[in-house]
Amino acid sequence: MDLNLRKAIMSNVSDNNAEQLEATIVDAIQNGEEKMLPGLGVFFELLWKNSDENEKQELLETLEQGVKQAQ
C-alpha cells in the first residue's frame, strides 16, 4: 500500500477557504491530539515554501520566542 500523507492531507483541504483552514488549525491546536500533527506539518511546509526570506526570518523569530516561552 502506497500512502502519501501529504497528498491525502491536501486532498482533504483542497476546497477549504481561509475560514475553514483557520478552523482546522485552531481545532488541531485546541484538541492537542498527536494525530493532527502531520496535518499541521503539511500546513507549515506550505507556509514555508510560499514565504519570502523576510517572512521566513519572521517565522523563525516567532518560533524561537515560542520555544523559549514553552520551556
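- Within an unreviewed UniProt entry, the label attached to the chain reads Small, acid-soluble spore protein I, and the organism entered is Aquibacillus albus.
- Quoted straight from UniProt, the Subcellular location (unreviewed entry) entry for the chain says "Spore core".
- UniProt lists a comment for the chain under the heading Sequence similarities (unreviewed entry), and it reads "Belongs to the SspI family."

**Quick word on the overall build of the chain**
Here's step 1: Counting its secondary structure elements, the chain contains four helices and zero strands.
Here's step 2: Start at the N end of the chain and walk to the C end: the helices and strands fall as α-α-α-α.
Here's step 3: Dimensions of the chain, computed from the C-alpha atoms along their principal axes, are close to 40 × 30 × 30 Å.
Here's step 4: Every one of the 71 residues in the chain was classed for burial, and the buried ones make up 13%.
Here's step 5: Approximately 6,100 Å² of the chain is accessible, and the part contributed by carbon and sulfur atoms is 52%.
Here's step 6: Averaging the coordinates of the 6 positive side-chain charges in the chain and doing the same for the 14 negative ones gives two points 8 Å apart.

**A short note on the environment of A8**
Here's step 1: By the secondary structure assignment, A8 is in helix α1 (residues 5–13).
Here's step 2: In sequence terms A8 and G39 are 31 residues apart; their C-alpha atoms lie 9.5 Å from each other.

**A closer look at the pattern of salt bridges**
Here's step 1: The full count for this structure, using the stated rule, is five salt bridges.
Here's step 2: Among the ionic pairs, K35 bridges to E33, the shortest N-O distance being 3.4 Å.
Here's step 3: On the accessibility criterion, K35 (65% relative accessible area) is exposed.
Here's step 4: E33 gets classed as partly exposed once you look at its relative accessible area, which sits at 33%.

**Here's the deal with helix α4 (residues 53–70)**
Here's step 1: Its 18 residues place the ends of α4 25 Å apart at the C-alpha level, agreeing with the 26 Å of an ideal helix rising 1.5 Å per residue.
Here's step 2: Sitting at the amino-terminal end of α4 is D52, which places a side-chain oxygen 3.0 Å from the backbone nitrogen of N54.

Procedures and definitions
- Every chain begins its residue count from 1, and numbering advances along the sequence as written.
- A pLDDT threshold of at least 70 governs which residues receive local features in this predicted model, and a stricter bar of 80 or more applies before side-chain atom pairs are shown or counted, although totals over entire chains, interfaces and linings include all residues.
- Neither water nor hydrogens contribute to the side-chain values; these are computed over all heavy atoms in the structure.
- UniProt positions are given in the numbering used here, feature names are shortened, and annotations may be inferred rather than shown by experiment.
- Under the DSSP-based scheme used, a helix requires at least four consecutive residues in state H or I and a strand at least two consecutive residues in state E, with every element numbered from the N terminus.
- A simple rule labels every residue: compare its accessible area, found with a 1.4 Å probe on the protein chains alone, to the largest value its type can have, and call it buried under 20%, exposed over 50%, or partly exposed in between.
- Using the Shrake-Rupley algorithm and a 1.4 Å probe, accessible areas are obtained, with residue cover drawn only from the displayed protein chains.
- The sign given to each residue is positive for Lys and Arg and negative for Asp and Glu; His and the chain ends receive no count.
- The atoms used to mark charge sites are NZ of Lys, CZ of Arg, CG of Asp and CD of Glu.
- One speaks of a salt bridge when a side-chain nitrogen belonging to Lys or Arg is within 4 Å of a carboxyl oxygen belonging to Asp or Glu.
- To estimate the expected span of a helix, count its residues, drop one, and scale the result by 1.5 Å.
- Polar contact is the term for a pair of N or O atoms within 3.5 Å; when the atoms are in protein, one must be able to donate a hydrogen and the other to accept it, and sequence-neighboring residues count only if both atoms are side-chain atoms.

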